[in-house]
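Okay, here's what each chain looks like letter by letter:
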Amino acid sequence: MKALLTSFLSGMVFAIGLGISGMTRPVKVIGFLDFFGEWDASLALVMLGAIAVYFVANRLSTKMPSPLLSPDFSLPKRSDLDTKLIIGATIFGAGWGLGGFCPGPALTSLASGALPVFIFVVAMGIGMYVHTWATELRATNSSLAISPSNSTQDA
């Protein structure tokens, strides 16, 4: 229960920070990406603030034997770049630049009741569903292709 409460409070702090910084407004993101127009550096400042908080938290956590609410740290094991990561990051960046929303700020902005935000979140959800469906379909097809019942055997 303590871990759920901590997750909820962390999410609330994140949402409040997004709102206060104005990062729930697509015009801020689009302004940040407009290098040759009226460039808005506020997103860069928010990113620098997040990096500073992460830097301090990371330094403190390396001195701890375990996290406060878990028996061990859950850190990524892989550090390589693969095709799926690069393609996914490219699609994410294109969607972010075109829509002006990142998933977190988009969910936070649902509270505004604005139709464009609702459409963006629905489209994002459909995209996640289609990706999951396609991944499962590909896994099913590849397992069928290599299953012993489908292989040809010499008689």
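Above this note sits the structure.
Keep in mind the model is a prediction, meaning the values are calculated, not measured. (Residues numbered from 1 in each chain as written. Predicted model: local features only at pLDDT ≥ 70, side-chain atom pairs only at ≥ 80, totals over all residues. Heavy atoms only, no water.)

1. What to know about the pattern of salt bridges
Any two side chains of opposite charge can pair, on the condition that their charged atoms come close.
Moving on, step 1. Taken as a whole and judged by the stated rule, the model has 3 salt bridges.
Moving on, step 2. Between R78 and D80 there is a salt bridge, with the nearest N and O atoms lying 3.0 Å from each other.
Moving on, step 3. The class for R78 is exposed, based on a relative accessible area of 56%.
Moving on, step 4. Residue R78 pairs with D82 through a salt bridge whose shortest N-O separation is 3.5 Å.
Moving on, step 5. For D82, a relative accessible area of 27% corresponds to the partly exposed category.
Moving on, step 6. Among the ionic contacts, a cluster of salt bridges with common partners joins R78, D80 and D82. (Salt bridge = Lys/Arg side-chain N within 4 Å of Asp/Glu carboxyl O. Buried < 20%, exposed > 50% of the residue type's maximum accessible area, 1.4 Å probe, protein only.)

2. Side note on the side chain of K28
Moving on, step 1. Within the element layout of this structure, K28 appears in helix 2 (residues 26–33).
Moving on, step 2. Since its relative accessible area comes to 16%, K28 is described here as buried.
Moving on, step 3. In this structure K28 touches S21, G22, M23, D40 and S42, once residues within four positions along its chain are discounted. (Helix = DSSP H or I, 4+ residues; strand = E, 2+ residues; numbered from the N terminus. Contact = heavy atoms within 4.5 Å.)

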